[in-house]
Every structure is written in C-alpha cells, then in structure tokens.
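Observations on chain architecture
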Amino acid sequence: MSAIDAGIVPQPKPESLAPSFYSGKRSLRGWLFTRDHKRIAILYTLSVTLFFLLGGAAAAMIRYDLIVPSGELPTEVYNKAFTFHGVVMVWFFLLPSIPVTLGNFLLPIMIGAKDLAFPRINLFSWYLFIGGGAFVVAALWAGGVDTGWTFYTPYSTMFSNTNVYLAIIGVFVTGFSTIFTGLNFIVTTHTMRTPGMTWMRLPLFVWGLYAVSVVMVLATPVLAMTLALVGLERVVGVGVFDPSLGGDPLLFQHLFWFYSHPAVYMMILPAMGLASEIISCFTSRRVFGYKFMTYSMLAIAVIGFMVWGHHMFVSGMSVYAAMVFSLLSFLVAVPSAIKIFNWTATLRKGDIRFTAPMLYALGFVGLFLLGGLTGLILAAPALDEFLHDTYFVIAHFHYVMVGGSVMCYLGGIHFWWPKVTGRMYSERLAKFAAVLMFVGFNVTFFPQYLLGYRGMPRRYHSYLPQFQELNVISTGGAVLLAISYTLPVLYLLWSLKYGKKAPPNPWDARGLEWQTSSPPPKENFLHPPVPREAYAYDKPAP
Amino acid sequence: MNATVADSPLEEARRAHLEEQFDEPDQQHSAASLGMWIFLATEMLFFGVLFASYVVLRVLHPAGFAEASRETDLLLGSGETAALLTSSITIVVALRAIKLGQRGVATLFLSLTAALGIGFLVIHGFEYHSEWEEHLVPGVRFLKFGPHAHAVELFEVMSYLLTGWHSIHLIIAVSVVLGLTWRVWRGAFGPDHFTTLELAALYWHLVDIIWMFIFPLLYLIGRAPG
Amino acid sequence: MKPRHAPDSRARRLRRLVDGLIALQALLAIRRYRRAVHASAGAQDPRDSRMHSAQTKPEVKPLKTFAWAWLGLLVLLAFTVGSAFVNLGAANTAINLLVSVVMMLLLMTLFMHESKARRLTQLASAAGLLWVVLMIGLSLADYLTRVHIPAPWS
C-alpha cells in the first residue's frame, strides 16, 4: 500500500539519483524506434530546427533580393524562394514547432502520466513528418515550386510548370502527422490525467495544446483533401476549379482557407498557453482570470473556423458573405483581447523577475498585440480593399507568427531547457539574444507596415524606387534577427557540455514537471505526483 | 498503482492486455474508443471536402446534375446500399458473439460482413464498367454533347471522387475484417479482449454511414417525372 | 459490468462530471469546479473506488434489437428511394438527406457509442458532423448570395 492509499500526502523526494530517460538504450536504434514521448520530442526538435534553418535561408534570399528596387535575383528564383519559405515555415516549422517539441515532452508530465495514450502513433507521426519534409526538399532539389504557399488555382492547376506535385504530396503527408499528433493529445488529455488532476487544475499550456489539437484534427483533413483535388486537376483537368469548364476557382479558396485560417490559430494557441506558464512563474502570481483564459482559448479555436472569408474580400466573393465573415473576424478578437488583458493583470503588482524566458514572453505579448490589432484593420472589408496583398498583410502575420509564436517557442525552450537537458544556460547571453530578437524583429517588420500602407504589393521581386529606404532598413533588421536566432543555438549547445547542472526546480515554479528530476526518468515520475491547483504561487513549492 | 481491491475473473483477464502507459483496463478501452472516434471525425471532414465541392457545383449547375444523376443505375445502387446496410448489422452481431465467447458465430458473421463488403465492391465494379462503355469517365474517356455536357462531366467527377474515395475506405475495411476473421477463428479474442474488433466495427459503420449520404446525392436526384 | 450508479463511485462521478462536455458546459462549470476541488482534495484516491463485481462476461444487447435495426434500415432505404419518384421539388433532396440522418442516428445510438467514454465519443461525432455543416454552410453563404456571371455555353 502506497502512502497515498493510506491518506498521507508524501513529500516528493529529490529524484536526481534516478536514471534519466537519456540512459537506457543509447544507440541510434534506441532513438529511432523509441516510444518514449521525451525522446520523440527531441527527435522533433532537431528536425524542426533543421527546417527552420532551411526556411530562414529562403527568407534571407528574399530580403537580399529586395535591397535594390530592380531586385537582386531573377524573377523565378525569387518566386521559388518565397514559396519555399512559406511552405517550410508554415508546415514544417510554425505549425508543429511548439506542440510536437515542448508539447510532446511536457503534456504527459504536466498531467502526471507515464506517456501519451498512443506512443507508437506518436513515433509514426514523426516519420510522417520527416517523410513529408523529404518530399518538399525533393521539390526544391528538382527545381522548386513557384505557386506561393497557398497553391492558388488556377495557377497551380493549369499554368505553373514547377514541381507542384512533389510539394503537394509533402504537405499532404505532413498533414497526417499533424492529425495523429492532435488525436494523441486530445485522447491523452481526456484519459491519462493522474487522479486529482481536474480540468480546472490543468496548466494553461495543456489547455493551449488541447485547443490546438481540436483545431488540428478538424482542419487538417480539409487541407489534405483540397490539395488532393488540386493534384487531380493537374492530372486530368476536369475543371472543378476551372470556370471555363463550369467549375469555380473560389471553391479552392474557400476550402483552403477553411483549413488555413484555423492553421494560424494552431500556431498561436500553444504559444498563448506557454506565455501564461512563463509569465505566472516569473511574477510569482497566479494567472489572472484562469477560467477566462481557458474559455477564451476554446472560443478562439471554435470561432477561428468561421472567419476564413476575410482572406477573400477582394476575390469576387459575395459582398453579403464578406459582411458575415468580417463580423465574425471582429468577434474572434474578443477572446484574444481577454488574454492580453489577463497577462497584463497578472503582471500588475507581481514580483517580476526579468529572466530570459520572461523577456521572450513579454516580447510576445507586445508583438502579438500589434499583430492582432492590425488584423482588425484587415478584417474590415473597406480597408482590406486597399491593404490586401500588400506588405501590410506580410507585416501583420509576421507579427503574429514570428513575433508571437516564434518568440514564445524560444521562451519555452529556455524555460524548460534545464528540465529537458538537465543543464543551465548562460543567462546573460540569453537575455542579450532575447532583447536583440525583439529589436531586430521590429526593425525588420515594422517598416513593412509602412511599405504596405504606401502600397507596395507582396510577392514581387522588384518595386518602385520610393520604397527602397524602408526595404533596406527591413533587410538590416533581418540581419539582426538572423544573429539573434543563431546565438541561442550556440550557447544552448555550449550549455550541454559546460552548463551548470540544473536542480529539479530552478525557477521555483509550480506545475508537476518541476516535481520530477531534471532530466526526468523514463517513467516521468518515480513517486506519483500530487496535483494541486494550477499556479499556486501563493503557497510554497512542494 | 497497487490495486488492493479484489478483481473479478473478467477484470483479471482484461488486465493481462494492459499496455504499459495505462493504469486501468477501462482507461485503455476509453482511450482506444475515443481515439477511433476522433479519427472518424477526421474521416467525416475528409469526405466533407468532397461533399462541399459537390454541393457548390450542384448549386451552380442544378439541371446538369439532375440529368447526369438520372443516368445512374438505381437498381444496382439500391442493391449495393442494402448490402452495405446489412453488413453493418452483421458486424455488430459478430461483436456481440465475441463478447459472449461464441467464437464460431463470430467467425461466421465476420465472414458474412466481409462477403457483403466484397459484394458491394463487385456491384460497383460493374457500374464503373458500364460507365466506361458509355464514355462517362471524366477526363479519361468522356464523350457527351448538349447544353449540360460540362455540368454532367463535373457530376461524374464528383461521383468518381466520392465513390472512389469511399471504395478505397471499404477495401481497407474489408481487408481489416478479413484479417480479424482469421484471428477470431484462431481464438485471439474473447470476452476479456475485443477492443480491436470494436474499433473495426466503428470504422465499418462510418464507411456505411458515408455511403448513406453518397447514395441519395448521386442516385436519387432528378428521378421524379415533370 | 458494474452498475452505473454504484454507491461507492461518488468521487469518480464527480470527476466525470467535470470531465464531460467541457466546451459546452464551460460557462456553467463554476460551481461544479469548486465541488470537484473539495472532493478530490479531501477524498481518497478515486482509483481505489473502482470496485469490480464478480462477473465473467460484458453486457450485450438482445438479438431482437439487431433484427429490428436491420429491418428499420431497409425500410428507410425503400422509403427514401420511393420518395425520389414523387416530384416535390427541392423537398426531394431534403427528405433523402433527412432519411440518411435518421439511418445514421439509428446506427450511432444503437451500436456506436458503447464505451465508458460515451459522452466524449458523442462529442467527437457531433463535432465532425457540425464542422462539415459549418464548412458547407458558410461556403454557401457566398454562393447563394453571389451575383452570377453565366458560363460561356449557358
């Protein structure tokens, strides 16, 4: 009979002597055939980082081209560069980044489980992810794709002579990886929680992962099937998307954005949960309005499905439908605003520690606010008429995705680095990188708001001379940004060998993951963890 | 967790099939059914794209869709529908038999289920064949004139996509059921261990349900006179 | 199978209460949440309360149910095919689809939601259907209100 059965709440003993999940099978086989969610998370982290570097290289090409008004690169190369940048960054970095790396590692630990509900499917998802990535890289190898990441018809079905098939197959295959990850997370959250871990005690990161999984599961099939239709159109040309044969190209846009708008929320929802973890830890306070945080995440997940038409205001869609979609788009801003208010309220009177993860999280709140507010401008059809397909849109979604999602991802990597690797990184370098990233990001993308407002269209390799100054500033910012992304790679790798050994709970955080050793043992917990209310920062750590 | 409560023989037997990440047989069973159901929800959306395309194209070309639908073979269509509906009942009878430990009955009804599924596919093969003869295969062998020729081709596209994607699912379902028939016959399942069978039945039902919606949309429009 | 309302499963029932339709019940959950917190803070480990009665086989439905369901499905099929030959305009398709929905619900309610996680599986199936309806419905919001430009041959 364990202590729990006897009704005594045990004091968790320091478990640093337990063999970590790194011990055990150390061979390559031991990693490639593992079913341990922690090892799979690390496999994912490595692959996601690789894709980030590839996508980043394409971004560098874009910024290099735009230094001079006539464009430094040939048109086709530029078109292929922005397509590759979009495809890789959306499907192989932003969408998977937080859920499959930090989410995979932390979800079972945060709810006190031994693993995900379906460990084999988890490993299979990784292979699908790699397989899909291989197709996309093959598309690049074979000469690239020039349709843009949106694969708009009829260009993608009738006119493009590039490797559309390979790219579509790559995205299709990766879609299944996303679906299986979402399925696994939902089932795990429902059935694997340790006794006492009620829904209202779940960390907000788990809520974020749950909400994002719902979106993944319900949206991704639509993308897969739509891209299959595009492929079929290319093969036989029967005219589902071809107006001259009775089809409708807007049908593609409807189906595509039914997936792709929720996909944007897939990128931001886990980041929102993650920011709550970091902010509450480094203010030593409960998250303000915990329940509203959970409801607003679910509301974003659901309403996010009903706003896709705001990508199509100038496409020839019915104006009445445009009004409905516009209204719904304004509606989805409400839960997002609630979250911003709640983070701010959490900071108020808090005992704020400006550590590196906290700097990233604060940067996220600010940049996401700016990205979200400009989203409202684009959700108004009258304004969108002018701003559609300009750099204003580019700036808007980079503020949300890069300023929001990527900042948070890096914040999370720093926050849980001691837990995952058992080592501490250099705090001073990390803070420097975080500040540099915030500055570099704004220097890169704020000028793009101005460019778009003045009318510079997206996806052209050349532009009018009056736009040059702002473009040069933006490229300069991109250099800063590149440095700030390289720095963490260097000092985090350094810490693996030379970093101080991390204690189980270096940040004095709550959450179950801090009750086990750093790095955790294979079963995650040697003693069953004792769940309490989430963010009990007013009580001493157990 | 060390369960100190005395387990019933059934519970004891179920525990033998417990995977390491779970604590309880009930937990494992719930996880499996919920996982299958979420997968079925994604399947609904896979087909949902095709249904949505069908609806949009039909809204754009009502007359052409009605004309094309009249040319489908309603007798064969109704026959295969009846076969599929029956198979959904035979598979749950098989599941019931396994829960009661009646291995022979389960094997019989599972084979019946697979046979009905194969029957459906064969009938559908005949339909594909006659469409090939009548030059109604869009994009490959299509020959039609008249005001609605393009719309008829679009109907045929949706018809091939819906039935084709459905047939692929049915082929998978039949193979799974055939495999399970073999394992049931060998005694791999019993009252304490039937989750796999239950999940296969769920999948089979979904394939059937999808057909319940494909059938009226492809075979039953434009039938009424006047 | 143990009775659904075994007196000893109080803690578990409370947990299930919280587990249920979180998304839909979210706004009403405040009071239940407090109760759940008290219950699981004070009570013993809920897993201990999983008592098992002495039985050797899971429960099954009588064969009659299967026969009636089969008959029902075939009658519905005959009805939907027959109705297609009566000219009712747009109502033809509506009736066909309604019959399909009834057939689907028949299968789902009788045979498909069998596990202990019944409410969750119901939620999953409802979400799948609802999202398909959402996709078609909001797309039609465009197509049904659009100004049509006829194709060249029409």
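The text that follows walks through the structure, step by step, so that each part is easy to find. Bear in mind the structure is a predicted one, so any value in this text is a computation, not a measurement. (Residues numbered from 1 in each chain as written. Chains lettered and ligands numbered in written order. Predicted model: local features only at pLDDT ≥ 70, side-chain atom pairs only at ≥ 80, totals over all residues.)

Quick look at the overall build of chain C
The helix and strand inventory of chain C stands at 6 helices and 0 strands. Shown N-terminal to C-terminal, the secondary structure of chain C runs as helices and strands in the order α-α-α-α-α-α. The burial tally for chain C puts 27% of its 154 residues in the buried class. The contacts in chain C between residues at least 6 apart in sequence include a share of 60% that link residues at least 24 apart. (Helix = DSSP H or I, 4+ residues; strand = E, 2+ residues; numbered from the N terminus. Buried ≥ 20, exposed ≤ 12 C-beta atoms within 10 Å, placed from the backbone. Contact = placed C-beta atoms within 7 Å.)

Considering the overall build of chain B
The helix and strand inventory of chain B stands at 7 helices and 2 strands. Its helices and strands in sequence order give chain B the pattern α-α-α-α-α-β-β-α-α, from N to C terminus. Taking 226 residues into account, the globule formula puts the C-alpha radius of gyration at 17 Å, and chain B, at 22 Å, lies well above it. On the principal axes, the C-alpha backbone points of chain B span a range of 75 × 35 × 30 Å. Residues classed as buried in chain B amount to 54% of the 226 residues present. Long-range contacts, defined here as pairs at least 24 residues apart, represent 77% of the contacts in chain B between residues at least 6 apart. (Rg over C-alpha atoms; globule rule 2.2 N^0.38 Å.)

A closer look at the packing of helix 2 (residues 37-65) of chain A against helix 15 (residues 468-498) of chain A
Residues and elements named next belong to chain A. Running from amino to carboxyl end, helix 2 crosses helix 15 at an angle of 160°, the nearest separation of the two axes being 10 Å. Between helix 2 and helix 15, the angle is such that the two are roughly antiparallel. Judged by the twist between their axes, the crossing of helix 2 over helix 15 is left-handed. Where helix 2 approaches helix 15, its residues Gly56, Ala60 and Arg63 are matched on the opposing element by Ser474, Thr475, Ala478, Ala482 and Tyr485. For the contact of helix 2 with helix 15, the per-class residue count stands at 4 nonpolar, 3 polar and 1 charged. (Axes fitted to C-alpha atoms, helices over the stretch in contact; angles between N-to-C directions. Parallel < 35°, antiparallel > 145°, perpendicular 65-115°, else oblique. Left-handed = near helix turned anticlockwise from the far one by under 90°. Nonpolar A, V, L, I, M, F, W, Y, C, P; charged D, E, K, R; others polar.)

A few points about helix 9 (residues 290-303) of chain A
If you check helix 9 of chain A, its first and last C-alpha atoms are 20 Å apart, about what 14 residues at 1.5 Å a residue would give, namely 20 Å. Of the positions making up helix 9 of chain A, those classed as buried are A:Tyr290, A:Met293, A:Thr294, A:Ser296, A:Met297, A:Ala299, A:Ile300, A:Ala301 and A:Val302. (Expected span 1.5 Å × (residues − 1).)

Side note on the interface of chain B and chain C
Each partner contributes residues to the interface: chain B has 56 residues there, and chain C has 55 residues. Elements that contribute at least two residues to the side of chain B that touches chain C include exactly helix 1 (9-15), helix 2 (25-60), helix 4 (74-99) and helix 7 (195-219) of chain B. With 17 residues, helix 2 of chain B is the largest single contributor of residues to the side of chain B that touches chain C.

Considering helix 5 (residues 103-133) of chain B
Residue and element names in this part refer to chain B. In this model helix 5 runs 45 Å from its N-terminal to its C-terminal C-alpha over 31 residues, within 8% of the 45 Å that 1.5 Å per residue would give. Inspection of helix 5 places Ala106, Thr107, Phe109, Leu110, Thr113, Ala114, Leu116, Gly117, Phe120 and Glu131 among the buried residues, and these make up the whole buried set. In the core, the buried residues of helix 5 are packed alongside helix 4, strand 1 (136-137) and helix 6 (149-185).

Notes on unusual backbone geometry
All names here are of chain A. Residues Thr153 and Pro154 are joined by a peptide bond in cis, for which omega reads 0°. Tracing the backbone shows Pro154 in the loop between helix 4 (119-141) and helix 5 (155-159). Between Ser518 and Pro519 the backbone carries a cis peptide bond, its omega angle lying at -10°. Summarising the element assignment, Pro519 is placed in the segment after helix 15. You will see that Arg459, though not glycine, has its phi angle at about 65°, which is positive. With respect to the element layout, Arg459 can be found in the loop between helix 14 (427-454) and helix 15. Assessed through the 13 C-beta atoms surrounding it within 10 Å, Arg459 is described here as partly exposed. With phi around 60°, Tyr535 is a residue other than glycine that occupies positive phi space.

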